[in-house]
Amino acid sequence: MSNTETPSTADNPLLANPLLPPFESIKPEHVVGAIDQLITRNKEALETLLAANEAPTWDNLFAKLEANEDELGKAWSPVSHLNGVLNSQELREAYNQALMKLTQYGTELGQHQGLYQAYQQLVESESFQSLSQAHQKAVQNSLRDFTLSGIGLPKEQQAQFAKNSQRLSELSSQFSNNVLDATHAWHKHFTDESALAGLPDSALALAKQAAQNKQLEGFVVTLDIPSYLAVMTYAQDRSLREEMYRAYCTRASEFGTKADGSSADEWDNSDLILETLKLRQQQAELLGFANYAELSLAKKMAKTPAQVEEFLLDLADRSRAMAEQELSELKAFAAQDGITDYQPWDASFYSEQLKQEQHSISQESLRPYFPADKVVNGLFTVANKLFGLDIAEDSDITTWHNDAKYYTVSREGQQIAGFYLDLYAREHKRGGAWMDECRVRRRTQSGMQLPVAYLTCNFNPPSAELPSLLTHDEVTTLFHEFGHGLHHMLTEIDVAAVSGINGVEWDAVELPSQFLENWCWHPDVIALLSGHFETNEPLPKDLLDKMLAAKNFQSGMQMLRQIEFALFDLRLHWQYPTLDPVSVSGVLNAVRERVAVITPPDFNRFENGFSHIFAGGYAAGYYSYKWAEVLSSDAFSVFEENGIFDADSGKRFLTEILQKGGSKDANELFVAFRGRDPNTDALLRHSGIRV
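Residues numbered from 1 in each chain as written. Predicted model: local features only at pLDDT ≥ 70, side-chain atom pairs only at ≥ 80, totals over all residues. Heavy atoms only, no water.

## Some details on the overall build of the protein
Phase 1: Broken down by element type, the protein carries 26 helices and nine strands.
Phase 2: What you see for the protein is a C-alpha radius of gyration of 25 Å, in line with the 26 Å of a compact globule of 691 residues.
Phase 3: Each principal axis of the C-alpha distribution contributes one length, and for the protein these read about 80 × 60 × 55 Å.
Phase 4: Counting all 691 residues of the protein, 57% fall into the buried class.
Phase 5: The contacts in the protein between residues at least 6 apart in sequence include a share of 73% that link residues at least 24 apart. (Helix = DSSP H or I, 4+ residues; strand = E, 2+ residues; numbered from the N terminus. Rg over C-alpha atoms; globule rule 2.2 N^0.38 Å. Buried < 20%, exposed > 50% of the residue type's maximum accessible area, 1.4 Å probe, protein only. Contact = heavy atoms within 4.5 Å.)

Written out as structure tokens, the structure reads:
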């Protein structure tokens, strides 16, 4: 809590500064008023505190400012989260209004000369050296961020920078909304189950549930990932797969369509992409960078765009021979079924058929053995064995939906964190899987504020006939997001700016998430995660052996696919100044010529739905997935050497990586754990690619 008077809470739950968000009470009409009041309060408090401090210290200035900013963050956190998991038109409008205010406020803080000078005074003072490593890193990061917010620019250029920042925030929100609306605007209705021949029972149950949600008889398939992937992987009707493929890969583009076949170009992101790129380039040039890629890397482990490109191309070149062989096998296999004009909508279907022929295994054959509840409990057991965590549901905590649950995290008998878990896909929920912070660990006047995370996925929900059953791919997704959650929740840093995931270089933030995925493939762990939903029989050894044998099925093609996305993102933001005219698809096509073995059709508009880089913070940073995968594979090799649940290795990863948050540079933390700099050998080996 801050010393500053808190605005009246009588009519607005967002102003109550509660321990946890009061989801049952939050309404769209609360949002703008609460954010307005807290921003005004914080601005006034800042000026008062600066005026009263000729010799700023952490305690007399920055601790109080941190408290105020934390209170604002705790009001905004549930609003931002609800916008993703329980979207409505009213909430979206309130969210967008408040987001613009927050963007403007953030820009003003980043260009506040008085605050900047106070940070400089602190760094130059004798007291700075007596501060903890975390405090010093937070201050140093803040000074860097002032520079990247235009603090040194002339007034006119500062105003332009602020205007651009505001507009970029609007464009990001609109891009995300367009993808969401375009996704939900399309569906296909069937009254005859035979039209969906090949779909497994779980997918049919999902389609039946989707029809009931729309007050329709029969079955409905949608562009939500569980439905879309099921059709693309199992539907025997090739024309249906083509129709779904076209609908999905033209979302938010000039070619997009609605359920009735009419144009959905009202959600076309093409112009938003061009405006976003133009403004990002302007921001980079205002700050003295040649391009936005250089600006993006100013806060990352990688130092130059050329270094990133070299890293990606090296991985691509070392993976290409395997990928070409895999594609050749796939096309030959499809040709045996009469498919002589192999198309992208054949890829998932025949890949699944080929995997079954080669390994006698499919994701669907595994699904009955991975009931969601069993997997979640097994995940918690892994966390206990690795890091000594005890996790328990607290059903007294209210959430935003019946699907969502709240859990407490304890270690050595003491509660250290909490998290919300929302596993299932539904209408009005953004697709994908993610972790976000609800509360950040920090020291307050009344004690330690514990970290709380949101963990969100989009798995098949339970139906009238079946519990929620996960594929092994989905099990891996859950472990991935939980790894992010551990990074946030297990921190022992008590300075908000570098606590948990805060202050961690973007290309290192995926390290804990990808690290934890490795446990999904170990036989001892699979025994904890699996239990047939009818008999509780663990995954039989023959299925386990087949699953492990198929682990690297088409891993070369998968590697090149991720490199394609990363290289496109990098070059788009790196080469922008030389593009005349700017052709986003041209950059993508050139990347595909260099690294891809599969070229999509001309109507494919992948870039129009690439939310990671246009709405998700990964601009000129999508390479981070592969960069961090090098770190995570190399880190996991310690457990391969010492034992999957080796206590000493688990403790060192906990103390050197997870507990340190962003208090030190990521490479320094990695070297402290691994004993040397990272290399790519483990990643290639884990992918079945010869080193």
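Next, the rest of the story.
## A few points about the packing of helix H1 (residues 28-51) against helix H3 (residues 89-110)
Phase 1: One way to put it is that H1 packs onto H3 with a least axis distance of 8 Å and a crossing angle of 10°. Judged on the interaxial angle alone, H3 and H1 are roughly parallel. Counted together, Pro-28, Val-31, Val-32, Ile-35, Asp-36, Ile-39, Asn-42, Lys-43 and Leu-46 of H1 and Glu-90, Leu-91, Ala-94, Gln-97, Ala-98, Lys-101, Leu-102, Tyr-105, Glu-108 and Leu-109 of H3 form the full contact between these two elements.
Phase 2: Of the residues assigned to the contact of H1 with H3, the class counts are twelve nonpolar, two polar and five charged. (Axes fitted to C-alpha atoms, helices over the stretch in contact; angles between N-to-C directions. Parallel < 35°, antiparallel > 145°, perpendicular 65-115°, else oblique. Nonpolar A, V, L, I, M, F, W, Y, C, P; charged D, E, K, R; others polar.)

## Here's the deal with the pattern of salt bridges
Phase 1: Enumeration according to the criterion identifies 38 salt bridges in this entry.
Phase 2: The residue Glu-108 makes a salt bridge to Lys-43 at a minimum N-O spacing of 3.2 Å. Note that Glu-108 is positioned in helix H3 and Lys-43 in helix H1, a separation of 65 residues in sequence.
Phase 3: Lys-429 is paired through a salt bridge with Asp-422; the nearest N and O atoms lie 3.2 Å apart.
Phase 4: Sharing partners across several salt bridges, the network here consists of Glu-66, Asp-70, Lys-74 and Arg-442. (Salt bridge = Lys/Arg side-chain N within 4 Å of Asp/Glu carboxyl O.)

## Quick look at the packing of aromatic side chains
Phase 1: Following the criterion strictly, the structure yields 41 aromatic pairs and no others.
Phase 2: Ring-pair connections join several aromatic residues into one group, and the members of that group are Trp-506, Phe-565, Phe-568, Phe-606, Phe-610, Tyr-618, Tyr-622 and Tyr-625.
Phase 3: Its end group placed over the ring of Tyr-248, Arg-251 keeps NZ or CZ at 3.9 Å from the ring centre.
Phase 4: Between Arg-280 and the ring centre of Tyr-292, over which it is positioned, the NZ or CZ distance is 5.5 Å. (Phe/Tyr/Trp six-rings, centres within 6.5 Å; stacked < 30°, edge-to-face > 60°. Lys NZ or Arg CZ within 6 Å of the ring centre and 35° of its normal.)

## What to know about the nonpolar core
Phase 1: Ranked by internal contacts, the top residues of the largest apolar core, which has 138 residues, are Phe-387, Phe-419, Phe-479, Phe-482 and Trp-519.
Phase 2: Ranked by the residues each element gives to this core, the list is headed by helix H12 (residues 305-335), at eleven residues.
Phase 3: Apart from the residues lying within four places of it in its own chain, the contact partners of Phe-419 are Phe-380, Ile-391, Lys-405, Tyr-406, Tyr-407, Val-409, Val-452, Ala-453, Leu-455, Phe-482 and Met-489.
Phase 4: Core analysis: the next-biggest nonpolar cluster, separate from the first, contains 57 residues, Ile-26, Tyr-105, Ala-134 and Leu-143 among them. (Core = buried A, V, L, I, M, F, W, Y, C linked by side-chain atoms within 4.5 Å.)

## Some thoughts on unusual backbone geometry
Where the residue is not glycine, phi is negative for most of them; where a peptide bond is considered, it is trans in most cases.
Phase 1: The omega torsion of the bond from Asp-580 to Pro-581 falls at 0°, within 30 degrees of zero and hence cis.
Phase 2: Of note, Pro-581 is situated in the loop between helix H20 (555-574) and helix H21 (584-595).
Phase 3: Backbone geometry places Gln-215, a non-glycine residue, at a positive phi of 55°.
Phase 4: Position of Gln-215 relative to the elements: it lies in the loop between helix H7 (201-213) and strand E2 (219-222).
Phase 5: You can call Gln-215 exposed: its relative accessible area is 69%.
Phase 6: Here the phi dihedral of Ala-620 falls at roughly 55°; this positive angle occurs in a residue that is not glycine.
Phase 7: Along the chain, Ala-620 falls in the loop between helix H22 (611-615) and helix H23 (624-642).
Phase 8: With a relative accessible area of 1%, Ala-620 lands in the buried category.

## Quick notes on the pairing of strand E4 (residues 405-411)
On a regular strand, one side chain projects to one face of the sheet and the next to the other, so that they alternate.
Phase 1: Burial within E4 is extensive, with five of its seven residues counted as buried.
Phase 2: In terms of strand pairing, strand E3 (residues 389-393) meets E4 through five bridges, oriented antiparallel. Directly across from Leu-389, in E4, lies its bridge partner Arg-411.
Phase 3: Bridge count between E4 and strand E5 (residues 414-424): seven bridges; the pairing is antiparallel. If you follow Thr-408 over to E5, its bridge partner there is Gly-418.
Phase 4: In this antiparallel pair of consecutive strands, E4 and E5, the connection spans two residues, and Glu-412 shows a positive phi of 55°. (Pairing = 2+ DSSP bridges.)

## Topic: the sheet that holds E3
Phase 1: Sheet architecture is open: five strands sit in the order E3-E4-E5-E9-E6, paired in mixed fashion. Since the sheet does not close on itself, it has two edges, and those belong to E3 and strand E6 (434-439), each with one partner. The average undirected angle you get between the axes of adjacent strands in this sheet is 25°.
Phase 2: With six bridges joining them, E5 and strand E9 (residues 452-459) adopt parallel strand pairing. For Gly-418, the partnering residue across the bridge sits in E9 and is Val-452.
Phase 3: In this fold helix H15 (residues 372-387) packs onto E3, E4 and E5, with an angle of close to 150° to the strand it touches most, E3.

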